[in-house]
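Structure at a glance
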Amino acid sequence: MPKTAKAAEPTRLSVRKTYKLYIGGAFPRSESGRTYVVNGDNVALASRKDARDAVLAARAAQPKWAGATAYNRGQVLYRVAEMVEGRRAEFTTLGVPAAEVDATIDRLVWYAGWSDKIAQVAGGANPVAGPFFNISAPEPTGVVAIVAPPSLLGLVSVVAPAVVTGNTVVVLAADPQVAVTLAEVLATSDVPGGVVNILTGRYAETAPWLASHADVNGLDLTGVEHAELAAELERAAAGTLKRVLRPGLGGTDFTADPGLRPMTAFLETKTVWHPKGH
Amino acid sequence: MTVTAATGLSDLRSFLHGLPGVDKVGVEARAAALATRSVKTTSKASAIDLAIRMVDLTTLEGADTPGKVRALCAKGIRPDPADPSCPPVAAICVYPAMAPVAAAALAGSGVHLASVATAFPSGQAPLEVRLADTREAVAAGADEIDMVISRGAFLAGDYRRVFEEIVAVKEAAGAAHLKVILETGELATYDNVRRASWLAMLAGADFIKTSTGKVAVNATLPVTLVMLEAVRDFRDRHGRQVGVKPAGGIKTTKDAIKYLVMINETVGDDWLHPDWFRFGASSLLNDLLMQRTKLTTGHYAGPDYFTLD
């Protein structure tokens, strides 16, 4: 009896990842059920209702995040930097150059260091003509919507300065796989759920809803390429007197020293008068 | 069944226990199914306005002050000062001690004044005290009285006593509308909710209300469904229409619309009116106003633009 051919070794099917949204510390699909394909991967296509849910999550997380000590927020950002270091291989597989991953980690550590120093630099004691102590202190604006530029370094360079001072953010990401991988880093870095919310998809569809949203306090347009759309979003933001960071104002070369502008863009100055005793 | 002074406890009990049992799984599945309806655009706009007109805007805190009650009354009369087309709420609901303040603030506005009475929320006081509480509230200007039943007596099976107490409070309330709070969160089963609903209606309740808002479990969709079926069956048998008021835990427009869908699907149009259905709520109103603003302005609204209660 002839020997029967041995059954072919079953080929293993690889498990492909769907890149999902990051809202309130969880990774939901879009409520609309929509996806689109980016470089062969399925990516959730965020809708206006996902943006609405993200704002709710950001708003819910904001008081506690702003109330945490500056030192604590710095530690959390430092932790994010550590976790990016651990995911270096994953970022390079996605096409992020090794030098950019280095720069991203350095940028995170740089902002982590600013957490308990920005108040001294952006605030201070004011000399006044009267028997008062007069103190100005920077406070976070609240919920900031960000249209992020592409590249990992660009993304971190707009998110870190907003959150380090106590804002919470809703980010419309340009580079979905990189952004969602960063979200996975954030989810495992002691960043409280809702502090950073990341939506993938077409920002031209979702950004107008965030620009006009009455519960969003700031709008960072760094990633908007079309001047016309940026102007339109700024007009919509004016309806609720949002702080707006125009494209280019936060810097376009992300490898350069960012300066304080990205942080101060979403800070409010509170000034307190206190009577001086004798 | 008509209950008179001659009706014995055993007759009352056999009537209440003779009511068909509630299919727990069925009623929960039905309520969950009705909660999946999508209500959009113009239907949503009219649902929101109807829900605002059905709100019993409530403040029942130990920390209530005359100032807070006056502010609440102003809000109830004109919920959205920026939009005159926004309808007023149905009623303001306060403790009896605050009823005189609210009565003065609401005079001539058309907004009703509801007062909880009868040793709200526990009801654990002598009957005389509870009746005096009721009379005080009516004398202070309340035209709706929200009473609590003695859950202790009900759960002990002393239906006759619960019945007589409701009759006595109804008498003390006089012309004021009587809402009977069953506190369904403490009644343990849907069968008990159905029995308590019938008992309250037989005793003369104008409204049956789910909860005080002071216990762990407040209004839920299935409980309200059981109560809606009870008022429907009661009208079929006795020809008198009784209103329903879920209270506590209804915080969002989405929740409110689920209740409206349920009314429409179970008891029909007759109950889709503030005279026959109310929401006992406080934070719900702001969410309704935010959704209303979203529909009129086309952009999402934020809580910063509405008063804190």
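Since this is a predicted model, take the numbers as computed values, not measurements. (Residues numbered from 1 in each chain as written. Chains lettered and ligands numbered in written order. Predicted model: local features only at pLDDT ≥ 70, side-chain atom pairs only at ≥ 80, totals over all residues. Heavy atoms only, no water.)

Another aspect to go through is the sheet that holds strand 5 (residues 132-140) of chain A. Across the sheet, three strands lie side by side as 4-5-11 (chain A); this open sheet has antiparallel pairing. At either margin of the open sheet sits one strand with a lone partner, and together these are strand 4 (124-125) and strand 11 (267-275) of chain A. (Pairing = 2+ DSSP bridges. Helix = DSSP H or I, 4+ residues; strand = E, 2+ residues; numbered from the N terminus.)

Residue and element names in this part refer to chain A. With respect to the element layout, Tyr22 can be found in the loop between strand 1 (18-19) and strand 2 (35-38). When its relative accessible area of 2% is taken as the criterion, Tyr22 is described as buried. Each C-alpha atom of the pair Tyr22 and Glu184 lies 8.5 Å from the other, and the pair is 162 residues apart in sequence. Contacts of Tyr22, omitting those with residues within four sequence positions, involve Phe27, Pro28, Ala183, Leu186, Ala187, Val196, Asn197 and Ile198. (Buried < 20%, exposed > 50% of the residue type's maximum accessible area, 1.4 Å probe, protein only. Contact = heavy atoms within 4.5 Å.)

Turning to the UniProt feature "domain: Aldehyde dehydrogenase" (unreviewed entry) in chain A, a few remarks are in order. Within this numbering scheme, the UniProt entry marks residues 42-245 of chain A as carrying the feature "domain: Aldehyde dehydrogenase" (unreviewed entry). With 55% helix and 18% strand, the stretch residues 42-245 of chain A has end C-alpha atoms that lie 31 Å from each other. (UniProt positions renumbered as here; feature names shortened; annotations may be inferred.)

All right, on to the interface of chain A and chain B then. Between chain A and chain B, the contact holds nine residues from the first and 11 residues from the second. For the pair chain A and chain B, the summed buried area comes to about 890 Å², and 52% of that belongs to carbon and sulfur atoms. Remark: the boundary between chain A and chain B carries zero salt bridges. Where chain A meets chain B, there are three residue pairs in polar contact (both at pLDDT 80 or more). Secondary structure elements with two or more residues in the side of chain A that touches chain B: helix 1 (48-67) and helix 8 (203-212) of chain A. In terms of residue count, the dominant contributor to the side of chain A that touches chain B is helix 1 of chain A (three residues). (Buried area = accessible area lost by both parts, 1.4 Å probe. Salt bridge = Lys/Arg side-chain N within 4 Å of Asp/Glu carboxyl O. Polar contact = N/O pair within 3.5 Å; in protein donor to acceptor, adjacent residues only side chain to side chain.)

Next up on the list: the nonpolar core. Grouped together as the largest cluster of nonpolar side chains are 97 residues, with contacts concentrated most on B:Ile92, B:Ile166, B:Val180 and B:Phe279. With nine residues, the top contributor of residues to this core is helix 10 (residues 221-238) of chain B. In this view, B:Ile92 contacts B:Leu57, B:Leu72, B:Cys73, B:Gly76, B:Leu106, B:Val111, B:His112, B:Leu113 and B:Ala114; residues no more than four positions away in its chain are not counted. Counting 47 residues, the second-largest nonpolar core is a separate cluster that includes A:Val158, A:Val163, A:Leu186 and A:Leu245. (Core = buried A, V, L, I, M, F, W, Y, C linked by side-chain atoms within 4.5 Å.)

All names here are of chain B. The strand order across the open sheet formed by eight strands is 7-6-5-4-3-2-1-8, and the pairing between neighbours is parallel. Strands at the two margins of the open sheet, each flanked by one partner only, are strand 7 (243-245) and strand 8 (279-281). Taking the axes of each pair of neighbouring strands and ignoring which way they run, one obtains an average angle of 25° across the sheet. Pairing geometry for strand 6 (residues 207-209) and strand 7, over three bridges, is parallel. What sits directly across from Ile208, in strand 7, is Val244. (Axes fitted to C-alpha atoms, helices over the stretch in contact; angles between N-to-C directions.)

Residues and elements named next belong to chain B. All told, the structure shown has 35 salt bridges over all chains when counted by the stated rule. Measuring nitrogen to oxygen at the nearest pair gives 2.9 Å for the salt bridge that ties Arg160 to Glu164. Here Glu164 and Arg160 lie together in helix 8 (residues 159-173), a separation of four residues that amounts to about one turn. One salt-bridge network, in which partners are shared between bridges, spans Asp56, Glu144, Asp146, Lys179, Lys209, Lys245 and Arg278.

With that out of the way, let us pick up the side chain of B:Thr266. All names here are of chain B. Mapped onto the elements, Thr266 comes out in helix 11 (residues 253-266). The exposure class of Thr266 is buried, given its relative accessible area of 12%. Residues in contact with Thr266, not counting those within four places in the same chain, are Leu225, Leu228 and Arg232.

All names here are of chain B. Here the structure, examined in full by the defined rule, presents 11 aromatic pairs over all chains. Summarising the aromatic geometry, the rings of Tyr95 and Phe120 are spaced 5.9 Å apart at their centres and angled 70° between planes, so their arrangement reads as edge-to-face. One end of the pair, Tyr95, is in the loop between strand 2 (91-94) and helix 5 (99-106); the other, Phe120, is in the loop between strand 3 (112-116) and helix 6 (127-139), and 25 residues separate them in sequence. Since its relative accessible area comes to 22%, Tyr95 is described here as partly exposed. Between Tyr259 and Phe279 the ring centres are 5.9 Å apart and the planes differ by 80°, which places this aromatic pair in the edge-to-face class. One end of the pair, Tyr259, is in helix 11; the other, Phe279, is in strand 8, with 20 residues separating them in the sequence. (Phe/Tyr/Trp six-rings, centres within 6.5 Å; stacked < 30°, edge-to-face > 60°.)

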